[in-house]
Amino acid sequence: MKRRSILTDEGAPMAAILYLSLFIFLLPSAIATEFAINGEVIELIDSNFDSAISTFDYVLVDFYAPWCGHCKTLAPELDAAAPVLAKLKKPIVIAKINADKFRSVGDKYDIDGFPTLKVFIHGVPTDYHGPRKAGPLVRFLKKFVAPDVASLESDSDISNFVEEAGTFFPMYLGFGMDESMISTLAVKNKKRAWFAVAKGFSDSVMDSYDFDKVPALVSLHPTYEERNKFYGPFDDQFLEEFVKQNLFPLCLPINPETLKLLRDDDRKIVLTLVNDIQEERSKQLIKILKAAASANRDYLFAYVGLQQFPDFVETFGISKSSELPKMVVWDGDEEYFTVIDSDRIAEDDQGSQVTRFLEGYKEGRTVSKKISGPSFMQFLNSLVGLKLIFIVVFMIAVLMLIQTVGNNDEEHPPGRPSSRLDGSEVERPADKED
């Protein structure tokens, strides 16, 4: 009897099914072989980028350029963090791609500077604005894979939770509260704060966290050594207001990192401009501002030093010859207000002067002004400020000089725009500050 081969015309459909089944069976193992969670940073290219992102639930991607100095500084930190993140219960993979070479990938994710970090959660990207040193970076990323609300059963659980959470994010600890009371807020603010409920705790914990009855919700800002407590009412509206007001410290220091956080808050910003935040008189003024902020939670209070962040301060019409400190109310974009006869803060009785400034603003005794220079949102997005102008001018001058030398002498290979004539590296405008 003649056997029918699966390769005959009549058996072709069966052969196709068998081959397809075999392909489907082997595909996962092939992908797993290409992308293994082994604690190393995975180098991606344009042809396998989408496959890698879809393979893992959590991926931190470093969009870099080989010539970028800040990228070279960041690389060993990512190498150190990768094995730690790979061992988590829900592992986080670190990958990198040369976005200067594979520009189609960079364009797809709006990469306009290097290095740019993005976290892909189930394939959905979100910007990473956290620390870039290995230890703090690990603690920051643990937030993305942590439970929405942690359940703590004992004093040691509370202590361990606070220690593991680190200092970058604020924390909200519910005592004598059901998890369901804050679960919605925890999901909404998952990328901005830690949430936990303590179901078992001693009187010493009540003393340590400065609350004397339950239920209570305690907010902690470890970096700024601040805490606040909330005893209710525990309606959604009041809970959300408490959480929102305590996402920032009472008086926020403005720097390139904290500036990015202001995008998520719609309150007017009472901004105090000082010469140097390290001066003792500035520190005394900041204490006064914190007291004022505590009584005016509808505003976000902040301060910034001309010496620390000149590009930002100068957009408010401040120069080295300006008399500081001064106060303004800023809308977080391009408009700010001065208060007539009350914007300058003298050294005597500064508490009363701050009070008069706030009263004057609320009463409408203000002058509206626009920040100087280009769109302030562009400044927020790039965080390059006026330095960009000098870098661009410098690059143009180098290119013109190279062209002149090429015309006058024998022809040379064209120089790279990121190099000096002596071959040393020059930061490109797309380099990002750490």
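See the structure shown above.
Below, the structure is looked at part by part. From a predicted model like this one, the values you see are computed outputs, not experimental measurements.

So, on to the sheet that holds strand E14 (residues 326–330). Here six strands make up an open sheet; going across it, the order is E11-E13-E12-E14-E15-E16 and the pairing mixed. This sheet does not close on itself; its edge strands, each paired only once, are strand E11 (251–253) and strand E16 (366–370). Averaged over all pairs of adjacent strands, the angle between strand axes in this sheet comes to 30 degrees, irrespective of strand direction. Examined bridge by bridge, strand E12 (residues 269–274) and strand E13 (residues 300–305) share six bridges and lie parallel to one another. Looking at E13, one finds that Leu 271 is bridged to Ala 302. Against the sheet, helix H13 (residues 350–362) touches E12, E13, E14, strand E15 (335–339) and E16, its axis set at about 30 degrees to E14.

On to the sheet that holds strand E8 (residues 194–198). Strand order in the open sheet formed by five strands is E6-E8-E7-E9-E10, with mixed pairing between adjacent strands. Every interior strand has two partners, whereas the edge strands, strand E6 (150–152) and strand E10 (226–230), have only one. Sheet twist, expressed as the mean angle between neighbouring strand axes with direction ignored, is 20 degrees. Bridging between strand E7 (residues 171–175) and strand E9 (residues 216–221) involves five bridges; their strand directions are antiparallel. Paired with Leu 173 across the bridge in E9 is Val 218.

Turning next to the environment of Glu 314. Looking at the secondary structure, you find Glu 314 in the loop between helix H12 (310–313) and E14. Using a relative accessible area of 29% as the deciding quantity, one classes Glu 314 as partly exposed. Distance from Glu 314 to Ser 372, taken between C-alpha atoms, is 7.9 Å for residues 58 residues apart in sequence.

So, about the environment of Lys 72. By the element assignment, Lys 72 lies in helix H3 (residues 69–86). The class for Lys 72 is partly exposed, based on a relative accessible area of 48%. The spacing of Lys 72 and Pro 115 is 43 residues in sequence and 9.2 Å in space, taken between C-alpha atoms.

What follows concerns the nonpolar core. In this structure, Leu 60, Leu 85, Leu 141 and Phe 175 are the most contacted members of the largest nonpolar core, which totals 42 residues. Of the residues forming this core, the biggest block, seven residues, is contributed by helix H5 (residues 134–145). Among all residues touching Leu 85, those that are not within four sequence positions of it are Pro 91, Ile 92, Ile 94, Leu 137, Val 138 and Leu 141. By size, the runner-up hydrophobic cluster in this structure holds 37 residues, among which are Val 149, Phe 242, Leu 306 and Phe 309.

Turning our attention to H13. Helix length check: H13 (13 residues) gives 19 Å between terminal C-alpha atoms against 18 Å at 1.5 Å per residue, within 8%. Taken together, the buried positions of H13 are Gln 350, Gln 353, Val 354, Phe 357, Leu 358, Gly 360 and Tyr 361. The buried residues of H13 occupy one face: seen down the axis, they fall within an arc of 160 degrees. Those residues of H13 hidden inside the fold are in contact with E12, helix H11 (280–295), E13, E14, E15 and E16. One or two steps after H13, the chain reaches Gly 364, where phi turns positive at roughly 85 degrees.

Attention now goes to the pattern of salt bridges. Tallied over the full model, the rule gives 16 salt bridges. The partner of Lys 133 in a salt bridge is Glu 77, with the nearest N and O atoms 3.9 Å apart. Taken together, the residues span a long stretch of sequence, with Lys 133 in the loop between strand E5 (124–127) and H5 and Glu 77 in helix H3 at a distance of 56 residues. Here Arg 267 makes a salt bridge to Asp 265, at a shortest N to O gap of 3.0 Å. Here Arg 267 falls in the buried class, since its relative accessible area comes to 10%.

So, about the pairing of E7. Counting buried positions along E7 gives five out of five residues, so the element sits mostly inside the fold. This β-α-β element, E7 to helix H7 (residues 183–188) to E8, shows right-handed connectivity.

Helix-helix packing is characterised by the crossing angle of the two axes and by the distance between the axes. Axis separation between H11 and H13 bottoms out at 10 Å; the angle between their running directions is 45 degrees. As judged from the angle between their axes, H11 and H13 are oblique. The element H11 and its partner H13 pack so that their crossing is right-handed. Contacts between H11 and H13 involve Leu 285, Ile 288, Leu 289 and Ala 292 from the former and Gln 350, Gly 351, Val 354 and Leu 358 from the latter. Classifying every residue of the contact of H11 with H13 by side-chain character gives six nonpolar, two polar and no charged.

Turning to the packing of aromatic side chains, a few remarks are in order. Taken as a whole, this structure holds 27 aromatic pairs when the rule is applied. With 4.7 Å between their ring centres and 35 degrees between their planes, Phe 140 and Phe 169 make a pair best called tilted. With Phe 140 in helix H5 and Phe 169 in the loop between helix H6 (155–165) and E7, this pair connects stretches of sequence that are 29 residues apart. Judged by its relative accessible area of 3%, Phe 169 falls in the buried class. On the basis of an interplanar angle of 65 degrees and a centroid distance of 5.0 Å, the ring pair of Phe 316 and Tyr 336 is categorised as edge-to-face. On the criterion of sequence distance, the pair formed by Phe 316 in the loop between H12 and E14 and Tyr 336 in strand E15 is long-range, its members being 20 residues apart. Taking relative accessible area as the criterion, Phe 316 reaches 4% and is therefore assigned buried. Chaining the aromatic ring pairs together yields one cluster made of Tyr 128, Phe 140, Phe 144, Phe 168 and Phe 169. The ring of Trp 194 is capped by Lys 143, whose NZ or CZ atom sits 5.0 Å from the centre of that ring.

Calculation rules
Residues numbered from 1 in each chain as written. Predicted model: local features only at pLDDT ≥ 70, side-chain atom pairs only at ≥ 80, totals over all residues. Heavy atoms only, no water. Pairing = 2+ DSSP bridges. Helix = DSSP H or I, 4+ residues; strand = E, 2+ residues; numbered from the N terminus. Axes fitted to C-alpha atoms, helices over the stretch in contact; angles between N-to-C directions. Contact = heavy atoms within 4.5 Å. Buried < 20%, exposed > 50% of the residue type's maximum accessible area, 1.4 Å probe, protein only. Core = buried A, V, L, I, M, F, W, Y, C linked by side-chain atoms within 4.5 Å. Expected span 1.5 Å × (residues − 1). Arc of directions from axis to C-beta. Salt bridge = Lys/Arg side-chain N within 4 Å of Asp/Glu carboxyl O. Right-handed = clockwise from strand over helix to strand, strands pointing away. Parallel < 35°, antiparallel > 145°, perpendicular 65-115°, else oblique. Left-handed = near helix turned anticlockwise from the far one by under 90°. Nonpolar A, V, L, I, M, F, W, Y, C, P; charged D, E, K, R; others polar. Phe/Tyr/Trp six-rings, centres within 6.5 Å; stacked < 30°, edge-to-face > 60°. Lys NZ or Arg CZ within 6 Å of the ring centre and 35° of its normal.

Everything listed here is a matter of coordinates, which is why it stays silent on function.
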